[in-house]
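The residues making up each chain are set out below.
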Amino acid sequence: MIKIVFLDIDDTLLSFSGYVKEAMRDGFALYGLPPYEESMFPVFERINDGLWRQIEEGMLTLEELLKIRWNTVFASLGISFDGVVFEDYFRKKLFSSAVPVPGSKELLEYLHGRYALCAASNGPYGQQINRLKVGGIDGYFRHVFISSEVGAQKPGKAFFDYCFEKLREDGFPNLVPEETIIIGDSVTADIRGGRAYGMQTCLYTRGASPDGKENEADHVVTSLEEIKHFL
């Protein structure tokens, strides 16, 4: 029986992609860069996803990502600008960004009271905590586990060890992984990490049709509403 539900934040509860497009459009105008076009977003997404996969695999640190992300994006777009300067703008804007994913608040309302809810996210602690508050959803969570505070990243075992230690100290002394489920959009961080730890898993495909990744997760949903069918 499921007792604990872990939920990823970015592109599961709060729309990171929606924020990025807004930041690129406004930031490019602010710094006098070429006007933002929709074709630019997939370039950011490809580079950003690749860098985060390196973090998840222990090949890169968050600090290193912050130094190279926008320089790499600008190089691919043929834009000459200081990526570190834009990164600073980007992160300050992200700090207060809380664009909800469709159905996220309704899902939290449904799950709250039925299960103990925990946010589980890679990223800077202060930023993620503030975004949950700005989005008005921080009160749903019993614990908020953020990698920079935990000292380990999803999908690493150390991240989940920390989470389970805290939960066992907080009313669930005999908690086992099989009594938990992790819901997220990342096959690498959420699904493989949770599965390796023995947790149940749910992949949220953000509206896209499954493309074979469903074989790695216990459940696959294209909308958050579908989660109510099995929880």
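Residues numbered from 1 in each chain as written. Predicted model: local features only at pLDDT ≥ 70, side-chain atom pairs only at ≥ 80, totals over all residues. Heavy atoms only, no water.

**Considering the environment of Leu77**
Quick note on the threshold: Helix numbers and strand numbers start at the N terminus; a helix is a DSSP run of H or I with at least 4 residues, a strand a run of E with at least 2. Three exposure classes are used, based on accessible area relative to the maximum for each residue type with a 1.4 Å probe and protein chains only: buried under 20%, partly exposed in between, and exposed over 50%. The criterion used for residue contact is that any of the two residues' heavy atoms lie within 4.5 Å.
Inspection of the secondary structure puts Leu77 in helix 3 (residues 62-77). We classify Leu77 as partly exposed; its relative accessible area is 22%. Here the alpha-carbon distance between Leu77 and Pro34, two residues 43 residues apart in the chain, equals 9.8 Å. Apart from residues no more than four positions distant in its own chain, Leu77 is found in contact with Phe28, Met40 and Val43.

**So, the side chain of Glu56**
Our working rule: When charges are counted, neither His nor the chain ends are considered; positive counts come from Lys and Arg and negative counts from Asp and Glu. A pair is scored as a salt bridge if a Lys or Arg side-chain nitrogen falls within 4 Å of a carboxyl oxygen belonging to Asp or Glu.
You can see Glu56 is positioned in helix 2 (residues 41-56). Although Glu56 is buried, it forms no salt bridge, and the closest oppositely charged side chain is Arg53 at an N-O distance of 6.5 Å. Glu56 has contacts with Asn122, Lys154, Pro155, Ser186, Thr188 and Ala189, leaving out every residue within four places of it along the chain.

**A look at the pattern of salt bridges**
Here the structure, examined in full by the defined rule, presents 16 salt bridges. Ionic pairing is found between Glu179 and Lys3, a salt bridge with its closest N-O pair at 3.3 Å. Here Glu179 is found in the loop between helix 8 (157-169) and strand 4 (180-184), whereas its partner Lys3 is found in the segment before strand 1 (4-7), with 176 residues between them in sequence. We classify Glu179 as buried; its relative accessible area is 17%. Residue classification places Lys3 among the partly exposed positions, given a relative accessible area of 31%. Asp161 is the salt-bridge partner of Lys157, the closest N and O atoms lying 2.8 Å from each other. With Lys157 and Asp161 both in helix 8 and 4 residues apart, this pair spans about one turn of that helix. The exposure class assigned to Asp161 is partly exposed, which follows from its relative accessible area of 29%.

**A few points about helix 3**
What counts is decided by this rule: To estimate how far a helix should extend, the number of its residues minus one is multiplied by 1.5 Å. Here the bend at a residue means the angle between the axes of two seven-residue stretches, the one that ends at it and the one that starts at it.
The end-to-end C-alpha distance of helix 3 is 23 Å, a good match for the 22 Å that 16 residues give at a rise of 1.5 Å each. Its axis deflected by about 35 degrees at Ile68, helix 3 carries its strongest bend there. Every buried residue of helix 3 is listed here: Leu62, Leu65, Arg69, Trp70, Val73 and Phe74. Just beyond helix 3, the residue with positive phi is Gly78, at close to 70 degrees.

**Structural notes on unusual backbone geometry**
Pro155 follows Lys154 through a cis peptide bond whose omega is 10 degrees. With phi around 65 degrees, Asp11 is a residue other than glycine that occupies positive phi space. Relative to the helices and strands, Asp11 resides in the loop between strand 1 and helix 1 (16-30). Exposure remark for Asp11: the relative accessible area of 8% places this residue in the buried category.

**Examining the packing of helix 1 against helix 2**
Here is the rule we go by: Think of each axis as a best-fit line through the C-alpha atoms, taken over the contacting stretch in the case of a helix, with angles from 0 to 180 degrees between the N-to-C directions. Each angle receives one of four descriptions, namely roughly parallel if under 35 degrees, roughly antiparallel if over 145, roughly perpendicular if within 65 to 115, and oblique otherwise. Left-handed describes a crossing in which the near helix is turned anticlockwise from the far one by less than a right angle; the clockwise case is right-handed. Nonpolar residues are Ala, Val, Leu, Ile, Met, Phe, Trp, Tyr, Cys and Pro. Charged residues are Asp, Glu, Lys and Arg, and all others, Gly as well, are polar.
Taken N-terminus to C-terminus, the directions of helix 1 and helix 2 make an angle of 125 degrees; their axes are 11 Å apart at the nearest point. By the criterion of interaxial angle, the relationship of helix 1 to helix 2 is oblique. Of the two elements, helix 1 crosses helix 2, and the hand of that crossing is right-handed. When helix 1 is examined against helix 2, the residues Phe16, Ser17, Val20, Lys21 and Met24 are found in contact with a partner set consisting of Phe41, Phe44 and Asn48. Classifying every residue of the contact of helix 1 with helix 2 gives 5 nonpolar, 2 polar and 1 charged.

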